[in-house]
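Results of the structural survey
These are the residues of each chain, in order.
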Amino acid sequence: MSQLSERPEKPVVGVSMPHESARLHVTGTALYTDDLVHRTKDVLHAYPVQAVKAHGRIVALDTWPALAVPGVVRVLTGADVPGVNDAGMKHDEPLFPDEVMFHGHAVAWVLGESLEAARLGAAAVEVELEERPSLIALGDAIAAGSFHGARPVMRTGDVDAGFADSAHVFTGEFQFSDQEHFYLETHTALALVDENGQMFVQSSTQHPSETQEIVAHVLGLHSHEVTVQCLRMGGGFGGKEMQPHGFAAVAALGARLTGRPVRVRLNRTQDLTMSGKRHGFHAEWKIGFDSDGRIQALDATLTADGGWSLDLSEPVVARALCHIDNTYWIPHARVAGRIARTNKVSNTAFRGFGGPQGMLVIEDIMGRCAPLLGLDPMELRERNFYRPGQGQTTPYGQPVTHAERISTVWQQVREDAALTDRKREIEAFNATHPHTKRGLALTGIKFGISFNLTAFNQGGALVLIYKDGSVLINHGGTEMGQGLHTKMLQVAATTLGIPLRKVRLAPTRTDKVPNTSATAASAGADLNGAAVKNACEQLRGRLVQVAGTQLGVNASDVRIVDGVARALGHHGELAWDDLVRTAYFQRVQLSAAGFYRTEGLHWDAKAFQGSPFKYFSYGAAAAEVEVDGFTGAYRIRRVDIVHDVGDSLSPLIDIGQVEGGFVQGAGWLTLEDLRWDTGDGPNRGRLLTRAASTYKLPSFSEMPEEFHVRLLENATEEGAVYGSKAVGEPPLMLAFSVREALRQAAAAFGPVGVGVELASPATPEAVYWAIEAARGGGAARDGDHAREGDAIRIDASSASHA
């Protein structure tokens, strides 16, 4: 086992413990960025001037009426920017635009002595637009040929030969919804100029280093003149990876121009109408199976709704392509990706980062094709799993390590959930309940861990030991409730061999650990944990030298366990506090900068080939639902999950992440239905679901009545920090099981063997129309694509063609 993976005697990692800020969260004493406003003197409040058209050139912008409003101090416009008027890394996102690109686009910001004064001032600003045609619906953008960014193509094998060898070929289309992050804390920033003229920005950001970079180039400064700090976030889910930069830049610009602290805090409606979502996708596909139901070939085009600017759409599409195989070996494939440009908010990262969209396409295909092939969906899925020892690689050329875990977690869920017995019970229930049906589905996941951009796979840390033996750690990751800080405390205590109570963690800030990557891609613990471990190993190496001298033994024979240094085979010992004090008087350095870079990665973006991921995470989930045939309303009766996190750094944290990810995924797939005004009226392009009253989020009522989650045992991941694996993103895709169970329940209202198409999100309305289609028992001709919600009934033999 590698040094990175090996655990010492009595490790603190692997111990279940609560989140390090849990007590602060539940008592309301945890500080977030906006809480700092009340601790800061003379703060000005910023309020956006939002355009009310989806697309148009700004002809005139009159700010003088705002300045007449009592309490208004200044109006920020593009003329005030001393550096680069752009808030994006692609230089396609003007901070103050000349052209409105979506309904709600901020064209100016008003600074006021109070939030109300700023609001009234923003309402007084007069904006004259020359309205231009807009593209709102993804389908309209595709029809108009409105695309931007890279258009990658992933190829493997010989697709034409694969289809020629297929006994069954099916085609189809699938369009599915975007998703709102709906973090509890909206976008927030607080900027001030310190006594040295340096810009200090408190920001709710997943990527402080990039926020620092954008603020610096907007202000025309160097990065060392800007410090960004993130205390913690009230949720991020990817929505605070790129999107906070512009809001932080507005606050910083206001502070630079007025000399006073400036606060930007969006209310919920502003956050919903100004910030990007998960990308909605359209997929067009053709798939071939052999006579045993094994995939032979796949030809697909995935189109993401990128919104008005690129943001992170290119890597999102790349990851979608990399995950379209999910757990299935596809010997021949051609999958193309493209980004539609629409007049909507710029869509961005969201938990899974394109992976869920790619995986949903193949899972929808499997769910739709199983009845056409005369196979049980579970059987069809299992027949197509990657198998160990077969030399199988992904369509982009990466070997699938630990492929046996795909079947292992699958079989464990089958056993834990007693699926064979429950399927019989459901068949009996459905036979005697004409107006209520149940469905049961089992789905698996394979999710690659690392940033697709190799350069991002690095992490840094700074660890300080004080003379009294207490330890302070700084690392480049940010805490958004996922428990990263808890894990870093456990890693530091384990590596140093001391009790957890001796370790404290400092807020994330760019003047302590520079050039950090975003806390994203589920890589936060991998990158920062390895960096913290590296720094602590440097310190422990120095301290065992001191201990060896004190104990009269070779340093290699010294072990530090539970805060005591002991020598192997000897009776002497030295307490941690005494050891540190001795080291100080011997002038031994008691601070260390740690660093980690993920090895073994290589990626050719043009050829779309390589090994972009350090490893794969695996999981499986079984979900049982009950559906009302009159309304399409449903409830989740039971969920069973087995998930692979390697050797967990913090089991309680990881189980919570699995549960939360699953519920968020179920929300995306069954509830959360973003709607935009696509009509030609005056509100064209306006987001209609602008609040929790119109955008339905999962709540207690949507939780499974029985929810069983366990972590895969004996699953050490060689080459990862203490043998652990990432946990943040992969569990979201376990919710595919709920959608597939709804498909099974809807089909149960029709004749045996009927298949149904199911919209996503599968809202009660969508489920109702699927039920109606199943009752009709309609059939489609070979190769036909049925309309969304239509039933399909094709005998496997009748579907055969080359």
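Here, every reference points to the structure presented above.
Residues numbered from 1 in each chain as written. Predicted model: local features only at pLDDT ≥ 70, side-chain atom pairs only at ≥ 80, totals over all residues. Heavy atoms only, no water.

1. Overview of the sheet that holds strand 14 (residues 295-307)
Read from one edge of the open sheet, five strands run 7-15-14-13-8, paired in mixed fashion. Across the chains shown, the open sheet's two edge strands, defined by having one partner strand only, are strand 7 (153-156) and strand 8 (168-176). Mean inter-strand twist for the sheet, computed between neighbouring axes without regard to direction, equals 5°. Relative to strand 14, strand 13 (residues 281-289) runs antiparallel, the two sharing nine bridges. Counted as the bridge partner of Trp 285 is Ala 300 from strand 14. (Pairing = 2+ DSSP bridges. Helix = DSSP H or I, 4+ residues; strand = E, 2+ residues; numbered from the N terminus. Axes fitted to C-alpha atoms, helices over the stretch in contact; angles between N-to-C directions.)

2. Some thoughts on the packing of helix 18 (residues 736-747) against helix 19 (residues 764-776)
Packing of helix 18 against helix 19 leaves a shortest axis separation of 8 Å and a crossing angle of 40°. Compared by their axis directions, helix 18 and helix 19 come out oblique. Seen along the crossing, helix 18 lies across helix 19 with a hand that is right-handed. Contacts between helix 18 and helix 19 involve Leu 742, Ala 746 and Ala 747 from the first element and Val 767, Ala 770, Ile 771 and Ala 774 from the second. Here the contact of helix 18 with helix 19 is built from residues that sort into seven nonpolar, no polar and no charged. (Parallel < 35°, antiparallel > 145°, perpendicular 65-115°, else oblique. Left-handed = near helix turned anticlockwise from the far one by under 90°. Contact = heavy atoms within 4.5 Å. Nonpolar A, V, L, I, M, F, W, Y, C, P; charged D, E, K, R; others polar.)

3. Section: the pairing of strand 29 (residues 706-711)
What you see with strand 29 is a clean split: Phe 707, Val 709 and Leu 711 sit on the buried side and Glu 706, His 708 and Arg 710 on the side with no burial. Bridging between strand 28 (residues 634-643) and strand 29 involves six bridges; their strand directions are parallel. Bridging from a neighbouring strand, Val 642 pairs with Arg 710 of strand 29. (Buried < 20%, exposed > 50% of the residue type's maximum accessible area, 1.4 Å probe, protein only.)

4. Here we look at helix 10 (residues 355-372)
With 18 residues, helix 10 should cover 26 Å at 1.5 Å per step; its first-to-last C-alpha distance of 26 Å lies within 8% of that length. Most of helix 10 sits inside the fold, with 17 of its 18 residues counted as buried. Of the residues flanking the end of helix 10, it is Gly 374, one or two places downstream, whose phi is positive at about 70°. (Expected span 1.5 Å × (residues − 1).)

5. With respect to the sheet that holds strand 22 (residues 564-567)
Ordered in space as 21-22-23, the three strands form an open sheet in which the pairing is antiparallel. Pairing within the sheet leaves two strands with one partner each, and these edge strands are strand 21 (558-561) and strand 23 (573-575). Strand after strand, the sheet turns through a mean of 20° between neighbouring axes, direction not considered. Sheet topology places strand 22 next to strand 23; three bridges connect them, and they run antiparallel. Across the sheet, residue Val 564 finds its bridge partner in strand 23, namely Ala 575. Each of strand 21, strand 22 and strand 23 is contacted by helix 16 (residues 576-585), which is oriented at about 85° to strand 23, the strand it contacts most.

6. Observations regarding unusual backbone geometry
Here Ser 760 and Pro 761 are connected by a cis peptide whose omega angle stands at 15°. Examined against the element boundaries, Pro 761 turns out to sit in the loop between strand 30 (755-756) and helix 19. Residue Ser 450 is not a glycine yet carries a positive backbone phi of 150°. Summarising the element assignment, Ser 450 is placed in the loop between strand 16 (436-449) and strand 17 (458-465). According to the relative accessible area criterion, Ser 450 is buried, its value standing at 4%. Phi angles above zero are rare outside glycine, and Tyr 722 is one such case at about 50°. Mapped onto the secondary structure, Tyr 722 falls in the loop between strand 29 and helix 18. Accessibility expressed as a relative area gives 2% for Tyr 722, which makes it buried.

7. A short note on the pairing of strand 12 (residues 262-265)
Relative to strand 12, strand 1 (residues 44-50) runs parallel, the two sharing three bridges. Bridge pairing links His 45 to Arg 263 in strand 12.

8. Observations concerning the packing of aromatic side chains
A complete count under the given rule lists 17 aromatic pairs for this structure. Plain terms: the ring middles of Phe 170 and Phe 289 are 6.3 Å apart, the flat faces sit at 55° to each other, and that makes the pair tilted. Of this pair, Phe 170 sits in strand 8 while Phe 289 sits in strand 13, and the two are 119 residues apart along the sequence. Overall, Phe 170 belongs to the buried group, its relative accessible area being 3%. Take Phe 289: its relative accessible area is 0%, and that puts it in the buried class. With a centroid separation of 6.3 Å and an interplanar angle of 10°, the aromatic rings of Phe 182 and Tyr 695 are classed as stacked. Of this pair, Phe 182 sits in the loop between strand 8 and strand 9 (188-193) while Tyr 695 sits in the loop between helix 17 (651-670) and strand 29; the two residues are 513 residues apart in sequence, bridging distant segments of the chain. Pair check on accessibility: Phe 182 and Tyr 695 agree, each one buried. One aromatic cluster is present, built from ring pairs that chain together Tyr 396, Trp 603, Phe 608, Phe 613 and Phe 616. (Phe/Tyr/Trp six-rings, centres within 6.5 Å; stacked < 30°, edge-to-face > 60°.)

9. Here we look at the pattern of salt bridges
Under the criterion given, the structure shown has 52 salt bridges. Two residues, Asp 34 and Arg 263, come together in a salt bridge whose shortest N-O distance is 2.7 Å. With Asp 34 in the loop between helix 1 (22-27) and strand 1 and Arg 263 in strand 12, the pair connects residues that are 229 residues apart, well separated along the chain. Note on Arg 263: relative accessible area 9%, which makes it buried. Note that Asp 416 is salt-bridged to Arg 710, the shortest N-O span being 2.6 Å. With a gap of 294 residues between them, Asp 416 in helix 12 (residues 404-416) and Arg 710 in strand 29 connect regions that are remote in the sequence. On the basis of relative accessibility, which here comes to 34%, the residue Asp 416 falls in the partly exposed class. Overall, Arg 710 belongs to the partly exposed group, its relative accessible area being 30%. Residues joined in a network through salt bridges with shared partners are Glu 363, Asp 364, Arg 368, Arg 381, Arg 739, Glu 740, Arg 743 and Glu 757. (Salt bridge = Lys/Arg side-chain N within 4 Å of Asp/Glu carboxyl O.)

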